[in-house]
Amino acid sequence: MRDFTGDHSALALNTATLGHNVDGHGAGWSPEQVIDACAQRGYGAITYWRREIGKRAVEIGERTRAAGLAVSGLCRSPFLVGPLAPPTRSAVLDDFRASISMASDLGASCLTICVGGIVPGSHSMTESLKQVREIVAGVAEEAQSANVKLALEPLHPAYGGNRSCLVTVRDAVDMCEQIEHPALTVAIDVYHVWWDMTLGQELLRLGADRIAGYHLCDWLANTQDVLLDRGMMGDGVADLKSIRAAVESAGYEGYCEVEIFSALNWWKRDPNEVLDICVERFRSVC
Ligand code: ZN
């Protein structure tokens, strides 16, 4: 297991940690401000959200790399199915392709996929996952040509209804095996997997080549809002070192990306303070 106590070059920032994923939240820093603040503190990479990038994907990608940072990812695909997905299959595919194209222009290592919830009226995980599989399989070759890895992110089962019918690493590995395409990978997020006693064995089944990212935060024992009340590492109940040990036992050596949605706490603070505390916690408790 890697030792981060004196080295945080593997630390990446997901800009959702500064509230940049939701309108009306966060300090509203420009990408340039985020890049400079991360570079000054020795972060290794940044993952952006599409709403920050607009039409500046190439420029922001270059600016990030010029500051000595990598672009660890882009969030995210549209919801592919379920009540929050665009209204038609063709609208889903258009937006999915636009997100792949932006990730490619940005030079992002991967594009996160949040698959969406249960197909309305279906009452069926099986049918919903089948439709997700069709959509993902349909764009995998285009992603490969664009040099973008598609990172399926299983979400906590609390999101099963509206945001993700993909709720376990097991099901994500199964989907990779069913589609069997080299562009397809999985992102592992502490918030979504901390409770899962089968995580270690499923990660071994997944293998390092198919782990696109490792996302850090914590699960607060008294979570107030399942979407927007994630904890800072060390403030919750997740066994962070054991989870990272499991990810690294599967061979993962990539970035560890802090991704904290926190309307109730961290988004209200000065981003400079948040970035400093992420470094400190990464070195001490992750
Ligand atoms: Zn995540």
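These lines cover the structure that appears in this document, whether it is placed above or below.

Conventions used here
- Residues numbered from 1 in each chain as written.
- Predicted model: local features only at pLDDT ≥ 70, side-chain atom pairs only at ≥ 80, totals over all residues.
- Heavy atoms only, no water.
- Donors = N, O, S within 2.8 Å, 3.2 Å for Na, K, Ca; no water.
- Tetrahedral: all angles 85-135°; square planar, octahedral: opposite > 155°, others 65-115°.
- Helix = DSSP H or I, 4+ residues; strand = E, 2+ residues; numbered from the N terminus.
- Buried < 20%, exposed > 50% of the residue type's maximum accessible area, 1.4 Å probe, protein only.
- Axes fitted to C-alpha atoms, helices over the stretch in contact; angles between N-to-C directions.
- Parallel < 35°, antiparallel > 145°, perpendicular 65-115°, else oblique.
- Left-handed = near helix turned anticlockwise from the far one by under 90°.
- Contact = heavy atoms within 4.5 Å.
- Polar contact = N/O pair within 3.5 Å; in protein donor to acceptor, adjacent residues only side chain to side chain.
- Core = buried A, V, L, I, M, F, W, Y, C linked by side-chain atoms within 4.5 Å.
- Arc of directions from axis to C-beta.

**A few points about the coordination of the zinc ion**
- Only E153 (OE), D189 (OD), H215 (ND1) and E259 (OE) from the protein reach the zinc ion as donors, at distances of 2.0 to 2.2 Å.
- Every donor counted, the four donor atoms about the zinc ion form angles of 83 to 157° at the centre, which fits irregular coordination.
- Mapped onto the polypeptide sequence, the residues donating to the zinc ion form the spacing pattern E-x35-D-x25-H-x43-E. Here H215 lies in strand β7 (residues 211-216) and D189 lies in strand β6 (residues 184-189), a separation of 26 residues in the sequence.
- Residue classification places D189 among the buried residues on the basis of a relative accessible area of 0%.

**Comments concerning the packing of helix α4 (residues 89-106) against helix α5 (residues 125-145)**
- At a closest axis distance of 11 Å, the pairing of α4 and α5 adopts a crossing angle of 40°. Taken together, the axes of α4 and α5 lie oblique to each other. Once α4 is placed against α5, the crossing between them reads as right-handed. Contacts from R89, V92, L93, F96, R97 and I100 in α4 reach Q131, E134, I135, V136, V139, E142 and A143 in α5.

**Points about the side chain of D189**
- Engagement of the side chain of D189 in a polar contact is seen with the backbone nitrogen of Y191, the distance being 2.9 Å.
- Look past the residues within four positions of D189 in its chain and what remains in contact with it is E153, H215, C217, R230 and E259.

**Some details on the nonpolar core**
- Of all hydrophobic cores here, the largest spans 91 residues; its most connected members are F96, L150 and I188.
- Considering each element in turn, this core owes the most residues, seven residues, to α4.
- Discounting residues that sit within four places of it in the chain, F96 has contacts with S77, P78, L80, L111, I113, I135, V136, V139 and L150.
- Residues A16, L228, F261 and W267 belong to the second largest nonpolar core, which totals seven residues.

**Focus: helix α3 (residues 57-66)**
- Of the residues making up α3, those classed as buried are A57, I60, G61 and T64. Take α3 and look down its axis: the buried residues cluster within an arc of 100°, on one side only. Among the exposed residues of α3, those oriented more than 90 degrees off its buried face are E62 and A66.
- As for α3, its buried residues are in contact with α1 (31-41), β2 (45-49), α2 (50-53), β3 (70-75) and α4.
- A positive phi of about 90° marks G68, the residue just after α3.

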